[in-house]
Amino acid sequence: PDQALAVQTLRRLDEQLDIAGERDDVLTPDVRAAFDRGLTLLEQGRNAEAARELRYAYDAQGSEAPLLAFYLANALQRDGQSRDAIELYEVALAANPNSGTILNNIGFAWLQLGRYDLALPALRDAVEAAPTNARAFLNLGLTLYGLSRFQDAIDAWNAAIEIDPSLEPAVAASRARAQRQVDAATP
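These figures come from a predicted structure and were not determined experimentally. (Residues numbered from 1 in each chain as written. Predicted model: local features only at pLDDT ≥ 70, side-chain atom pairs only at ≥ 80, totals over all residues. Heavy atoms only, no water.)

### Things to note about the pattern of salt bridges
Applying the stated criterion to the full structure yields seven salt bridges. Put simply, Arg-46 and Glu-49 hold a salt bridge, and the shortest N to O gap is 2.7 Å. Residue Arg-46 is classed as partly exposed on the basis of its relative accessible area, which comes to 36%. By relative accessible area, which is 30% here, Glu-49 ends up partly exposed. (Salt bridge = Lys/Arg side-chain N within 4 Å of Asp/Glu carboxyl O. Buried < 20%, exposed > 50% of the residue type's maximum accessible area, 1.4 Å probe, protein only.)

### So, the environment of Asp-59
Residue placement: Asp-59 occurs in helix H3 (residues 47-61). When its relative accessible area of 48% is taken as the criterion, Asp-59 is described as partly exposed. C-alpha separation for the pair Asp-59 and Ala-69, spaced 10 residues apart in sequence, amounts to 9.6 Å. (Helix = DSSP H or I, 4+ residues; strand = E, 2+ residues; numbered from the N terminus.)

### Some remarks on unusual backbone geometry
In the Ramachandran plot, Ser-148 falls in the positive-phi region, its phi being about 60 degrees despite a non-glycine side chain. By the element assignment, Ser-148 lies in the loop between helix H8 (134-146) and helix H9 (150-163). Take Ser-148: its relative accessible area is 49%, and that puts it in the partly exposed class.

### A few points about the nonpolar core
Nonpolar side chains in soluble globular proteins tend to end up buried together. Ranked by size, the top nonpolar core spans 57 residues in total, and within it Phe-35, Leu-54, Leu-68 and Tyr-71 carry the most contacts. It is helix H4 (residues 66-78) that provides the largest number of residues to this core, a total of nine residues. (Core = buried A, V, L, I, M, F, W, Y, C linked by side-chain atoms within 4.5 Å.)

### With respect to the packing of aromatic side chains
Counting across every chain of the model gives five aromatic pairs. For the ring pair Phe-70 and Tyr-71, a centre distance of 5.1 Å and an interplane angle of 85 degrees mean the geometry is edge-to-face. The pair formed by Phe-70 and Tyr-71 is uniform in burial state, with each residue classed as buried. Ring centres 5.3 Å apart and planes at 75 degrees place the aromatic pair Tyr-145 and Phe-150 in the edge-to-face group. A residue is classified by how much of its surface remains accessible, and Phe-150, at 17% relative accessible area, is buried. The rings of Phe-35, Phe-70, Tyr-71 and Tyr-89 are connected pair by pair, giving a single aromatic cluster. (Phe/Tyr/Trp six-rings, centres within 6.5 Å; stacked < 30°, edge-to-face > 60°.)

### What to know about helix H10 (residues 168-185)
Because each turn of an α-helix spans 3.6 residues, side chains separated by three or four positions end up pointing in the same direction. Along its 18 residues, H10 runs 24 Å from first to last C-alpha, staying within 8% of the 26 Å computed at 1.5 Å per residue. At Ser-174, H10 is bent by approximately 30 degrees, the largest bend along its length. Every buried residue of H10 is listed here: Val-171, Ser-174, Arg-175, Ala-178 and Val-182. In this structure, the buried side of H10 is in contact with H8 and H9. (Expected span 1.5 Å × (residues − 1). Bend = angle between axes of the 7 residues up to and from the residue. Contact = heavy atoms within 4.5 Å.)

Below, the structure written as structure tokens:
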């Protein structure tokens, strides 16, 4: 627990297990190198560069590779290309339809596009598949808020904070606005 690199590596391995399941895609050395470079660039916030490396890895793999599709989608989404990311998330989801991580990312991509109607079912599925995924509850709350379902949004945010108290500052202002809406609607 005192080794930041070890904690980060374990988190990444858990994430990859959730994304690809038990599937073990064998990557050629050049694809593995591009994948690793892409992940490093993602961690550095260099999203466009990460997308280029991950696009190369995904295209060079030549076969369906859900892990590569997911991380390429993630880089594209972080680079503001949510619509393109959704197609790749769908590739990853086809390989592991019960991944809370993939469902959350799809839902968040739809949320970024303002498509609450499409974000809502994905995020509901995400919290069902991964009931300890605080970010899925956070995104569900944002979607419900966007749909003017203020009490439901508050409930989702409360669940997120219960799982991860560090999210409290991120939702405090929105939760207060939602509470004012609930209070105003109560006779």
